[in-house]
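Results of the structural survey
Here's the letter readout for the chains.
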Amino acid sequence: MGYPAVLASLSGPGSSPLPPHVKPLVNDFSLQVATVNGSGSQTANSVLLRAIFQMGIPVSGKNLFPSNIAGLPTWYTIRLSKDGWIARKRGHELLVAMNPETAADDAAAMGPGGVLVWNDAIPRPSVPEDRIVYGVPFAKIVEPIVPDAKLRRLVVNMVYVGVVASLLSIEMKEVEAAIQGMLGRKKKALEMNLAAARAGFEWAAANLGKRDGLRVERMNKTAGKILIDGNAAAAIGSMFGGVTVVTWYPITPSSSLVESLIGFLEKYRRDPATGKNTFCVVQAEDELAAVGMVLGAGWAGARSLTSTSGPGISLMSEFAGLGYFAELPGVIWDIQRIGPSTGLPTRTSQGDVGKLATLSHGDTRHVVLFPSSVRDCFEYGMLALDLAERLQIPVFVASDLDLGMNQWMSDPFPYPEKPIDRGKVLSAEQLARLPKFERYRDVDGDGICWRTIPGTPHPAAAYFTRGSGHNEAAQYTERPEDYVRLVDRLAKKYETAKTLVPKPDVEIRRGSEIGLLAYGTTHWAIVEAREELRREGIDPSTFLLRALPFTPELASYVAAHDRVYVVEQNRDGQMADLVRLEVGAEAGKIRSIRHYDGLPIDARSVVEGVLAAEREGVAVR
Amino acid sequence: MTEAPSVPKNRVGLAKAEYRGGKSTLCPGCGHDAITSSIVEAAFDYGVDPQRVVKLSGIGCSSKTPAYFLGRSHGFNAVHGRMPSVATGTFAANRTLIPIGVSGDGDTASIGMGQFVHLVRRNVPCVYLIENNGVYGLTKGQFSATADVGSLQKGGRKNELPPIDCCAIAIELGCGFVARSFSGDPKQLRPILKAAFAFPGTSVIDIVSPCVTFNDHEGSTKSYDYAKEHDEPLHQIGFVPFWEHVDVEIAPGEAKDVEMPDGSRLRLQKIKEEYDPSDRLGAMRVIHEARAEGRLVTGLLFLDPKKRTFAEDADLVEEPLSTLPEERVRPPRKVLEEIMQGFRVGSA
Ligand SMILES: Cc1ncc(C[n+]2csc(CCOP(=O)(O)OP(=O)(O)O)c2C)c(N)n1
Ligand code: SF4
Ligand SMILES: [Mg+2]
């Protein structure tokens, strides 16, 4: 029987009446697939995600993977949310257990009514009575489809796609379209994977009596939308931002930013007349060199960027200071992850923000952008390059693994309407009309001086660049008053930066004593938490912080509330501390909620944090 | 300019004074200042366009010197040991620039070794000068990694560690222009510098440059006296720029002409034995033997004028990336639409 026939012969999953303790859940649950790293489950998981997305249901997919090429456990979670919540949800309602090592723990993590799809080749995880268990003979199903045993190991993943599709009523035509979309060009793989998904679907339809309450139903909330990861979005933004010099040293989770950028540049930024590159990508020997190249390129007039993660940021520290003092443009993406290389390098974190704020030695202060969405990644890809040249400084963009490497829904990105901003650069013609050129003279009163780029064909263009030991005319000086004048001007420039960085997104609830504040991906957990808190009788305002330096909106927000919860993904409340410093006398209002286990933050953690603190009535630090 | 008409001008119409820089703040007699003078002379003679030169350096007494020459060129005093990355980025931004990188033995052979070897490996066009005094001058005389075994510090302490030879490393990495010289021998250094200006890739020039304050004493192998006594030039070097045609017959076996890609010629006149700078292994042998025998062998050690450069490898457009107009760096609307289409997921 082909699968359309199976479909016709069944009245669909849910045909048998549900036991009383099983509640129906439609388009509002999470499913988790637990496999072994390197087993090729990535494609299968993406197919599931896309098929659901194509049925119009808001989804988000999160890949939890180890620092390993093959052999360690890995999980993929898909959250369906009819209401459009895209933060991670704690727990899962359906588990596909393919990995014997983690099956018991993964199954135990499910609550009553949880659904276990279990590979019957591994020991059956023991679960309480009120969980629903479906055993599936994956090996037997895949065997006739794939003669080659090695290939079978990969294709078996597509069988669970079919099984899950059958159980949840995911339309098979969408599954097939998703497979087609991902493997369309590889004919043999396509055929085999289609067959495997169908076999899983048919087997489940024929053999599994639906006993659970989970169901997917078509909606129309994803029409016209895209699914993309933040790193690809950042790459696209950077290309449209006119990046010309790109340097990098590979590190997860940032590599895919530059890797996708290389792909786009090679496709769209070759000179049509000569076929030559209008960009230069250098894989540097380390991050010290990567950032040195970026600042050298920025100094010489290129729009330059590098991308890294925490360990690389540490190595860039000295240059970050030079860039600040010597006023060198350049963009540094930090796709944050947990701790050192032998920490949990493939888990997400917001643990670099405290360091980024003043990275380096001496009186440095940096401009840091915090993208919270893939759309932000795209926009900041362009904006960061503009700001770096406008302000003549290194600009940091602090993304994270969750945003950078996971798939997020978005409206398609709009074409930039504003022209590229190259900042204050004097041409030879302008120099010819000026009585004199002094590189570090603040002629406009905004702390930003005019610069020339090397190669400018005018005898007065040249100047000498060094750290902070120079006067307005770029001459060497160690006089105390010259130094003070310089760093005070840099402070003024930082004030100017406040007028140029993206403003926060603030939603004030009139009369609310409580405000939530988050940045980056944490935002999605606080907006969802707000809805839950409402049900608890608390209706907090929200503040999405988009950048450092803080803008005046922060002080007003803190002034307007009695308690402000700064929510973030690090242990020490790094941003909470920065906010306390900023608001000075009002620092007592700042409370801190932290989530730092390496999993993306979920709304529940925020709700619990707020409720606990409100109950205790004390500041939690 | 207001110079009297009698002031000689070079091929780009500039007087020598226009190749000078600010006043040096180094110790009087420092070898680095002599190198600065040679750079001024060589740049003037060769007619380098100062508006296309970028002077880059790391940190150290040596790295301060770009402020003392070519005042009409952009300069960048970077961080310790990291000038190569700045040079790479600068050149990537604008391939029409002529980077002159000034470094010290500490700046290159210790903290900067990583970046140095990768600059050489990429063959980033750059005249890379190592002003080599065997010590960290600016931090007051500690041994550097180029100090010879047995060389004595001012306080009498002996260096026991083997020296790092930057020329040998450069040759090993395939550098197309490797020379060694002595700050006190401008007659040799200047033609080498001019040849380096004419060379399209990385040229590494290791220049023994005595530190009069911390390493010019008896027992030091980087002192003026030691260098003078042990200097053994491989050849006499003459540089004939491409715009001058001197057709002097050269006796076979006495001299050798090497043509640079811009048409300039290097005339290498035999001193004792014939030396072939295109022989990589021969160069390595000379370096190793010289070290074993405590001789300072100077001259053009190795030359491969045809080596592929970074700009070719990166397949860059001819114009500087830095000044490409917006329409060449921001793809049109339809490109974004095409990319977005690729991320649209849908059966429809
Ligand atoms: C990161 C860092 N570490 C240490 C120093 C201190 N420092 C300044 S110059 C120098 C050594 C320079 O030696 P060399 O390159 O041989 O230059 P010289 O002064 O001998 O010409 C050191 C260690 C520094 N500036 N930066
Ligand atoms: S300390 Fe040595 S290297 Fe430094 S300026 Fe004085 S003589 Fe030159
Ligand atoms: Mg030295």
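Here we take up the overall build of chain B. Scanning chain B from terminus to terminus reveals 12 helices and 13 strands. Here the C-alpha atoms of chain B give a radius of gyration of 22 Å, agreeing with the 20 Å that 2.2 N^0.38 yields for 348 residues. Counting only C-alpha atoms and orienting by the principal axes, one finds that chain B spans roughly 85 × 50 × 45 Å. Scored against the burial criterion, the 348 residues of chain B give a buried share of 58%. A separation threshold of at least 6 residues defines the contact pool for chain B, and within that pool the share at least 24 residues apart is 71%. Surface accessibility of chain B: about 14,200 Å² in total, with carbon and sulfur atoms responsible for 52%. Across chain B, the mean location of the 40 positive side-chain charges is 5 Å away from that of the 44 negative side-chain charges.

Here we take up the domain arrangement of chain A. All names here are of chain A. Its domain assignment divides chain A into domain 1 (3-215), domain 2 (228-410), domain 3 (428-498) and domain 4 (505-616). Distance from the C-alpha centre of domain 2 to the C-alpha centre of domain 3: 26 Å. Of the residues lining the interface, 19 residues belong to domain 2; the matching set on domain 3 comes to 23 residues. When domain 2 packs against domain 3, the two sides together hide about 1,700 Å² of surface, and 55% of this comes from carbon and sulfur. Three residues stand out in domain 2 for area buried against domain 3, namely Trp299, Phe325 and Glu327, and they jointly supply 35% of the buried area on that side. Taken together, the connections running from domain 2 to domain 3 amount to 3 salt bridges.

All names here are of chain B. Relative to strand E12 (residues 265-270), strand E11 (residues 255-259) runs antiparallel, the two sharing 5 bridges. Looking at E12, one finds that Glu259 is bridged to Arg265. What sits between E11 and E12 in their antiparallel hairpin is a turn of 5 residues, with Gly263 showing a positive phi close to 95 degrees.

Across chain A, the average pLDDT comes to 94, with 96% of residues at or above 70. Confidence drops under pLDDT 50 across residues 1-15 of chain A; counting only partners more than four residues distant or on other chains, this segment forms 19 contacts.

Residues and elements named next belong to chain B. Across all of its chains, the model carries 17 aromatic pairs over all chains by this definition. Relative to Phe197, the ring of Tyr46 lies with its centre 6.1 Å away and its plane at 20 degrees, an arrangement referred to as stacked. Of the two residues, Tyr46 sits in helix H1 (residues 31-46) while Phe197 sits in helix H7 (residues 186-197), which places them 151 residues apart along the sequence. Among the residues examined, Tyr46 registers a relative accessible area of 7% and is labelled buried. The structure contains a cluster of three or more aromatic residues connected by ring pairs, namely Tyr46, Phe197, Phe239, Phe242 and Trp243.

Residue and element names in this part refer to chain B. As a packed pair, helix H3 (residues 83-93) and helix H5 (residues 113-122) sit with axes 7 Å apart at the nearest point and diverge in direction by 35 degrees. Contacts from Met83, Pro84, Ser85, Ala87 and Thr88 in H3 reach Gln115, Phe116 and Leu119 in H5. Of the residues assigned to the contact of H3 with H5, the class counts are 5 nonpolar, 3 polar and no charged.

Donor atoms from the polypeptide that bind the magnesium ion (ligand 3) are Asp105 of chain B (OD), Asn133 of chain B (OD1) and Val135 of chain B (O), placed at 2.1 Å. By relative accessible area, Val135 of chain B is classed as buried at 3%.

Inspection of the region around ligand 2 gives Leu26, Cys27, Cys30, His32, Cys61, Asn133, Cys211, Val212, Thr213 and Phe214 of chain B as its neighbouring residues. Here the shell around ligand 2 is built from residues that sort into 7 nonpolar, 3 polar and no charged.

A few words now on unusual backbone geometry. All names here are of chain A. Between Thr252 and Pro253 the backbone carries a cis peptide bond, its omega angle lying at 5 degrees. The backbone of Ser169 shows a phi angle near 65 degrees, a positive value even though the residue is not glycine. With respect to the helices, strands and loops of the structure, Ser169 is situated in the loop between helix H5 (149-168) and helix H6 (172-183).

Here we take up the pattern of salt bridges. Residues and elements named next belong to chain A. Applying the stated criterion to the full structure yields 68 salt bridges over all chains. Ionic pairing is found between Asp577 and Arg580, a salt bridge with its closest N-O pair at 2.9 Å. With Asp577 and Arg580 both in helix H20 (residues 574-583), this residue pair falls 3 residues apart, about one helical turn. For Asp577, a relative accessible area of 29% translates into the label partly exposed.

On to the sheet that holds strand E21 (residues 547-548) of chain A. The strands that make up a sheet are held in pairs by hydrogen bonds between backbone atoms, and each pair lies either parallel or antiparallel. Residues and elements named next belong to chain A. A sheet is described by the order of its strands in space; here 7 strands give the open sequence E11-E10-E12-E13-E15-E14-E21, paired in mixed fashion. Since the sheet does not close on itself, it has two edges, and those belong to strand E11 (280-283) and E21, each with one partner. By the bridge criterion, 4 bridges tie strand E10 (residues 245-248) to E11 in an arrangement that is parallel. Bridging across to E11, Trp248 finds its partner in Gln283.

What follows is about the sheet that holds E12 of chain B. Residues and elements named next belong to chain B. Strand order in the open sheet made by the 3 strands is E10-E12-E11, with antiparallel pairing throughout. Two strands close off the open sheet at either side, each with one partner strand: strand E10 (235-240) and E11. Ignoring strand direction, the axes of neighbouring strands in this sheet form an average angle of 20 degrees.

Further remarks concern the environment of Val281 of chain A. Residues and elements named next belong to chain A. Note on placement: Val281 falls in strand E11. Distance from Val281 to Val96, taken between C-alpha atoms, is 41 Å for residues 185 residues apart in sequence. The contacts of Val281, once residues within four sequence positions are left out, are Val246, Trp248, Ile262 and Leu265.

Across chain B, the average pLDDT comes to 95, with 97% of residues at 70 or higher. Under the prediction, the complex receives an ipTM of 0.97, its pTM being 0.96.

All names here are of chain A. Here helix H17 (residues 480-500) is 21 residues long and its end C-alpha atoms lie 31 Å apart, about the 30 Å a rise of 1.5 Å per residue gives. Taken together, the buried positions of H17 are occupied by Asp482, Leu486, Val487, Arg489, Leu490, Lys493, Tyr494, Thr496, Ala497 and Lys498. Elements in contact with the buried residues of H17: helix H12 (317-326), strand E14 (367-369), helix H14 (374-391) and E21.

With that out of the way, let us pick up the site of ligand 1. All names here are of chain B. What surrounds ligand 1 is a group of 18 residues, the closest being Ser62, Asp105, Gly106, Asp107 and Gly137. The contact in question runs from an oxygen atom of ligand 1 to an N or O atom on the backbone of Gly106, over 2.8 Å. Computed on the free molecule, ligand 1 has an accessible area of 590 Å², of which 77% lies beneath the protein chains in the complex. Going through the elements one at a time, helix H2 (61-64), helix H4 (105-109) and strand E5 (135-136) are the ones with two or more residues in the shell around ligand 1. Top element by residues in the shell around ligand 1 is H4. It accounts for 3 residues. Looking at the shell around ligand 1, its residues break down into 6 nonpolar, 9 polar and 3 charged.

Moving on: a negative patch on the surface. Residues and elements named next belong to chain B. On the surface, a cluster of negative charge is contributed by Asp216, Glu218, Asp225 and Glu229. Mapped onto the elements of the fold, Glu218 is located in the loop between strand E8 (202-208) and helix H8 (224-230). On the accessibility criterion, Glu218 (78% relative accessible area) is exposed.

It is worth spelling out the interface of chain B and chain A at this point. If you look at the interface, chain B gives 57 residues, while chain A gives 75 residues. Taken together, the two surfaces of chain B and chain A that pack against each other cover about 5,500 Å², and 65% of this comes from carbon and sulfur. When the buried area of chain B at its contact with chain A is split by residue, His74, Arg330 and Val345 of chain B rank highest and sum to 14% of it. Where chain B packs against chain A, one counts 5 salt bridges. Linking chain B to chain A there are 24 residue pairs in polar contact (both at pLDDT 80 or more). Put simply, the parts of the chain that give the side of chain B that touches chain A at least two residues each are strand E1 (53-57), strand E2 (74-77), H3, H5, helix H11 (326-329) and helix H12 (333-343) of chain B. In terms of residue class, the side of chain B that touches chain A is made up of 26 nonpolar, 19 polar and 12 charged. Where strand E17 (residues 464-465) of chain A meets E2 of chain B, 2 bridges bridge the pair, whose relative direction is parallel.

Of all hydrophobic cores here, the largest spans 219 residues; its most connected members are Leu31, Ile170, Val175, Ile236 and Trp333 of chain A together with Phe116 and Ile339 of chain B. Take this core: its biggest share by element is 11 residues, from H5 of chain A. Dropping the residues within four chain positions of it, Leu31 of chain A is found in contact with Leu48, Ile52, Tyr76, Thr77, Ile78, Leu80, Leu94, Val164 and Leu168 of chain A. The next biggest cluster of nonpolar side chains, apart from the first, holds 37 residues, and it includes Ile192, Ala198, Phe239 and Met260 of chain B.

Thresholds, definitions, all that
- Residues numbered from 1 in each chain as written.
- Chains lettered and ligands numbered in written order.
- Predicted model: local features only at pLDDT ≥ 70, side-chain atom pairs only at ≥ 80, totals over all residues.
- Heavy atoms only, no water.
- Helix = DSSP H or I, 4+ residues; strand = E, 2+ residues; numbered from the N terminus.
- Rg over C-alpha atoms; globule rule 2.2 N^0.38 Å.
- Buried < 20%, exposed > 50% of the residue type's maximum accessible area, 1.4 Å probe, protein only.
- Contact = heavy atoms within 4.5 Å.
- Areas by Shrake-Rupley, 256 points an atom, 1.4 Å probe, with all protein chains shown as cover.
- Lys, Arg positive; Asp, Glu negative; His and termini not counted.
- Charge placed at Lys NZ, Arg CZ, Asp CG, Glu CD.
- Domains from an automatic or database assignment.
- Buried area = accessible area lost by both parts, 1.4 Å probe.
- Salt bridge = Lys/Arg side-chain N within 4 Å of Asp/Glu carboxyl O.
- Pairing = 2+ DSSP bridges.
- pLDDT = per-residue confidence, 0-100.
- Phe/Tyr/Trp six-rings, centres within 6.5 Å; stacked < 30°, edge-to-face > 60°.
- Axes fitted to C-alpha atoms, helices over the stretch in contact; angles between N-to-C directions.
- Nonpolar A, V, L, I, M, F, W, Y, C, P; charged D, E, K, R; others polar.
- Donors = N, O, S within 2.8 Å, 3.2 Å for Na, K, Ca; no water.
- Near = heavy atom within 4 Å.
- Expected span 1.5 Å × (residues − 1).
- Polar contact = N/O pair within 3.5 Å; in protein donor to acceptor, adjacent residues only side chain to side chain.
- Patch = residues over 30% accessible without salt bridge, like charges linked within 9 Å, V, L, I, M, F, W, Y side chains within 5 Å.
- Core = buried A, V, L, I, M, F, W, Y, C linked by side-chain atoms within 4.5 Å.

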